[in-house]
Amino acid sequence: MMDFRPNEDQIQLQKAAADFLSKESTKEVVFAAFDGQDGDSPELYKKMADLGWLALAVPEDKGGLGMGLVEQAVLLEQLGYYAAPGAFFTNACISIPALLALGANDEASAVLDGGKKVAFVIDPEFVIDGHLADSFLVTVNGRVRLIGGSDVEVKPLETIDGTRRAASVEFSEQAGEDLGDVHAVESVVDAATAILCAEMVGGMQKSLDMVLDYVKVRTQFGRPIGSFQSIKHRLADMLLKTEASRSAAYYAAWANQSGADDAALSASVAKAYVSDAAPWVTGQSIQLHGGIGFTWEHEAHLYFKRATMNAALLGDVAFHRERALTLTTSDRSEAASGGGGRSRG
Amino acid sequence: MDLSWTEEDKAFRAEVRKYLEANAPKDLPEDETANFEARRQWQKKLAEDGWVAIHWPEEFGGRGASLLQTVIYNEEYTRARAPLLVNSLGVGLLGPTLMAHGNDEQKQRYLKKVLSAEEIWCQGFSEPNAGSDLAAIQTRAELDGDEYVLNGQKIWTSYGKYADWMFALVRTDPSAPKHQGISYLLVDMHSPGVEARPLKEITGDSLFAEVFFSDVRVPKANLVGEQNDGWRIAMTTLGFERGAGGLAQSVRLRNSVLDLIGDAQQVRRNGWTAFDDPLSRNKIGKWLVEIEVYRYTTLRAISALVHGGSPGPEASINKIFWSEWHKSFTEDAMDILGPLGRVTTDESGNIDSQRWVREYLFARAGTIYAGTSEIQRNIIAERVLGLPKEPRGDTKTEKAGER
């Protein structure tokens, strides 16, 4: 039955996540991670692992909570809203499902209880959360290998988003253990792409909420600035792009969860759209806050930087536009991995 | 959250698709009048087979279809590229209004002939001084015995030159606050004193007319609902139609992108086809992506409606999305097709450039009619986001009256 609304369980999950994160991923925690050594908050990561969140979408017989991608999207939207730092997304949404898809159940269970972190390597020059990883999933000649951290030369990279950093890695192509064909993880990457969009939606929503509060109380020329049409129209556009992004992210999460015909297309559609919209919406938040929005102490820049970072991950706007076009105009099976010669990394 | 269609939905979709494949006319005449008559015949055929306004109750010629079935029907209708209903304003706007607010005599008298296109309807809302501020209408209707006497002017009247009837907003109490002195009246366009003058639009077509009333006598029986309650009546029936049409709109606009993909392969630029040019591909990819996102948002809106929500001010988001999309898309289409895309003579090689020029120009109307993008943004800001209103110049107004 056609129903786009979150169900009761999803609403409860959203509330629980918002309640937890409003206390644990506070502005102080996020800024401390941003200004810290590695952008991480190990305490927050540990607490989320203890809640079972890393294993939210893992089947119960593999030690998870047995929920789906839509629930994972609900959770990640809240992490985005509270700008949660650290390697939660990459481990929960890419590495764990990739290990499971490759049948590496023991490795997966070591990650899902929070004890170990694995980075998924698309481009060795820029591995998101690579600086925090204990081991690495790499692709060599169409095969996926799991390489222990001691066999990988890791060079940490600071990024525009201090809470989401990366590393460049070097490794021998013979190192580690062969886990299987890369085709096994293609749907994992599409699903993760959809979930990343949900995280971006969270940041857009937070930016919109902050601006809305501000323009209702900030007075100039004897009126709240939110009564000026130029401001109102900008906010209307921010809402439009935020809600459209939300529709796209959740549609893609559902399509990938249910194995719909347009699962791959919907992931590319969502990522192309949201990667365009999120930097714009979060950037408008800086603009509409005025001078205060340009200061380090205000949160507006955290969301702008996260959106800018995420826009480039798992394929950028150009990659996913091309892939959407290719999926629409040519044979699906050939096009599924394609991006017209563009790279996802 | 579950976006799957039921087996029943799928079977219904297959039934609609089969009917349209077998019956929808393919090549309509170019000539405007002949085209109109062909579409009138098509609607007559549809009505005989019970495939117009399927969500209407059976007693008025519909099938009592659910909202979801209506959505599926509209989507399939557009997918089949079946011709636009010639009496779309009667079916889409007048019919639901009469069913909600008309009396039994009015329902019996008008509804069946709306479906069969035996009587064509036009909408008499906008006036030269009442556009975005619709409640500023000045066309006057004064009661004289059993008849109203109409004087004034309507404008931007689609189908004005073909219409047999107009549903009009008229001022019946000039002393009341502006939203409270308006009535909803059915006007016979063949009455003495009615004059419809075609307007020529930037496309060169004449889809609109100006309609002038000089002492036009309208029986009191043609009043819908109560006198001076016309504003409320006009506003309450707009939402449902917008909700049910969104998905079809996404199909229609996606068809345009698919057409552009076809034509871009026929145009050579810089030594390769426009479709092979990376910059063009990026643009086409963008519009494919955005129209797909529009489809998801309409599914979300439909889901809210099906499960008992109201379309509410969120309909404004929908309107901005598709109308701004269409304008920007056609701009890129013109860029991609280059000089050949601007040719308006019949013989322009392999592509239908006349169509692109017309679509490019007509898209400029989408962000104006049925509430400009600017008005829609005001509605979103004030009614969804709760932002303060701007100071107004018309102090007699008791509430916001934008369309």
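Cut-offs used in this document
Residues numbered from 1 in each chain as written. Chains lettered and ligands numbered in written order. Predicted model: local features only at pLDDT ≥ 70, side-chain atom pairs only at ≥ 80, totals over all residues. Heavy atoms only, no water. Pairing = 2+ DSSP bridges. Helix = DSSP H or I, 4+ residues; strand = E, 2+ residues; numbered from the N terminus. Axes fitted to C-alpha atoms, helices over the stretch in contact; angles between N-to-C directions. Contact = heavy atoms within 4.5 Å. Phe/Tyr/Trp six-rings, centres within 6.5 Å; stacked < 30°, edge-to-face > 60°. Buried < 20%, exposed > 50% of the residue type's maximum accessible area, 1.4 Å probe, protein only. Lys NZ or Arg CZ within 6 Å of the ring centre and 35° of its normal. Core = buried A, V, L, I, M, F, W, Y, C linked by side-chain atoms within 4.5 Å. Domains from an automatic or database assignment. Buried area = accessible area lost by both parts, 1.4 Å probe. Salt bridge = Lys/Arg side-chain N within 4 Å of Asp/Glu carboxyl O. Polar contact = N/O pair within 3.5 Å; in protein donor to acceptor, adjacent residues only side chain to side chain. Arc of directions from axis to C-beta.

*Asks:* Even after reading the chapter, I still don't get the sheet that holds strand β1 (residues 118-120) of chain A, so can you show me in this structure?
*Replies:* Hydrogen bonds between backbone atoms are what pair the strands of a sheet, whose relative direction is either parallel or antiparallel. Residues and elements named next belong to chain A. Across the sheet, which stays open at both edges, the four strands sit in the order β1-β3-β4-β7 with mixed pairing between neighbours. Since the sheet does not close on itself, it has two edges, and those belong to β1 and β7 (177-181), each with one partner. Put simply, the sheet's adjacent strands are angled 25 degrees from each other on average, direction ignored. Sheet analysis places strand β4 (residues 143-148) next to β7, joined by four bridges and oriented antiparallel. Looking at the pairing, Leu-146 lines up with Glu-177 of β7. Against the sheet, helix α5 (residues 88-101) contacts β1, β3 (135-140), β4 and β7, and its axis sits at roughly 90 degrees relative to β1.

*Asks:* Is there a simple way to explain the packing of aromatic side chains in this structure?
*Replies:* Geometrically, a pair of aromatic rings is defined through the distance of the ring centres and the angle of the planes. All names here are of chain B. Considering all chains together, one arrives at 27 aromatic pairs over all chains under this definition. Considering the side-chain rings of Phe-36 and Tyr-162, the 3.8 Å spacing of their centres and the 5 degrees angle between planes classify their relative orientation as stacked. Here the residue Phe-36 occupies a position in helix α2 (residues 32-48), and Tyr-162 occupies one in the loop between β3 (147-154) and β4 (165-171), the gap between them amounting to 126 residues. An angle of 0 degrees between the planes, with centres 5.8 Å apart, marks the rings of Trp-51 and Tyr-73 as stacked. Here Trp-51 is found in the loop between α2 and α3 (67-79), whereas its partner Tyr-73 is found in helix α3, with 22 residues between them in sequence. Residue Tyr-73 is classed as buried on the basis of its relative accessible area, which comes to 6%. The ring of Trp-287 carries Lys-286 above its face, with NZ or CZ at 5.0 Å from the centroid.

*Asks:* For this particular structure, what's the right way to read the nonpolar core?
*Replies:* One broad trend across soluble globular proteins is that nonpolar side chains are buried collectively. Grouped together as the largest cluster of nonpolar side chains are 141 residues, with contacts concentrated most on A:Phe88, A:Leu137 and A:Leu235. Each of two domains, domain 1 (7-86) and domain 3 (237-384) of chain B, supplies a minimum of three residues to this core. When sequence neighbours within four positions are dropped, the list of residues in contact with A:Leu137 reads A:Ser95, A:Ala98, A:Leu99, A:Leu102, A:Val118, A:Ala119, A:Phe120, A:Val121, A:Val144, A:Arg145, A:Leu146 and A:Leu179. B:Tyr77, B:Ala135, B:Ile137 and B:Phe167 belong to the second-largest nonpolar core, a separate cluster that totals 49 residues.

*Asks:* When you look at the interface of chain B and chain A in this model, what are you seeing that I'm missing?
*Replies:* Reports of interface size often rely on the accessible area that becomes lost once the parts have come together. Contacts between the two partners involve 46 residues from chain B and, on the opposite side, 48 residues from chain A. Area buried by chain B at its contact with chain A is led by B:Met1, B:Tyr296 and B:Arg300, which between them contribute 19% of it. Counting the contacts that link chain B with chain A gives six salt bridges. Linking chain B with chain A are 21 residue pairs in polar contact (both at pLDDT 80 or more), by the criterion used here. Among the elements of the structure, α7 (238-264), α8 (278-306), α9 (315-337) and α11 (373-384) of chain B are those that each provide at least two residues to the side of chain B that touches chain A. Looking at the side of chain B that touches chain A element by element, the count peaks at 17 residues for α8(B).

*Asks:* Honestly, the pattern of salt bridges in this entry has me stumped. Any pointers?
*Replies:* A pair can form between side chains of opposite charge whenever their charged atoms are brought close. Applying the stated rule across the entire model yields 49 salt bridges over all chains. B:Arg300 is the partner of A:Glu243 in a salt bridge, and the nearest nitrogen-oxygen pair spans 2.6 Å. Taken together, the residues span two chains, with A:Glu243 in helix α8 (residues 229-257) and B:Arg300 in helix α8. B:Glu127 serves as the salt-bridge partner of B:Lys154, at 2.9 Å between the closest nitrogen and oxygen. Here B:Lys154 is found in strand β3, whereas its partner B:Glu127 is found in the loop between β1 (121-124) and β2 (140-144), with 27 residues between them in sequence. Residue class for B:Glu127 comes out buried when judged on its relative accessible area of 4%. Beyond isolated ion pairs, a larger network of salt bridges with shared partners links B:Arg13, B:Arg17, B:Glu75, B:Glu76 and B:Arg79.

*Asks:* Explain the environment of A:Glu243 here, please?
*Replies:* For A:Glu243 and A:Gln205, which are 38 residues apart along the polypeptide, the C-alpha to C-alpha distance reads 8.7 Å. Excluding anything up to four places from it in sequence, A:Glu243 contacts A:Gln205 and B:Arg300. Within the structure, the side chain of A:Glu243 is placed 2.6 Å from the side chain of B:Arg300, a separation counted as a polar contact.

*Asks:* Any chance you could explain the pairing of β4(A) here in plain terms?
*Replies:* Looking down a regular strand, the side chains alternate between one sheet face and the other. All names here are of chain A. Direction of pairing for β3 relative to β4: antiparallel, over a ladder of six bridges. Directly across from Phe-136, in β4, lies its bridge partner Ile-147. Connecting the antiparallel pair β3 and β4 is a turn made up of two residues, with Asn-141 showing a positive phi of about 50 degrees.

*Asks:* Mind showing me how you'd approach the environment of B:Leu28 here?
*Replies:* Within the secondary structure, B:Leu28 sits in the loop between α1 (7-23) and α2. Residues in contact with B:Leu28, not counting those within four places in the same chain, are B:Asn35, B:Ala38, B:Arg39 and B:Pro83.

*Asks:* I keep staring at helix α6 (residues 105-112) of chain A and nothing clicks. Help me out?
*Replies:* Along an α-helix, residues three or four apart share an orientation, since each turn contains 3.6 residues. All names here are of chain A. Restricting attention to buried positions, one finds in α6 the residues Ala-108, Val-111 and Leu-112. For α6, the angular spread of the buried residues around the axis is 95 degrees, confining them to a single face. Those residues of α6 hidden inside the fold are in contact with α5 and β1. Immediately downstream of α6, the backbone of Gly-114 shows phi near 95 degrees, a positive value.

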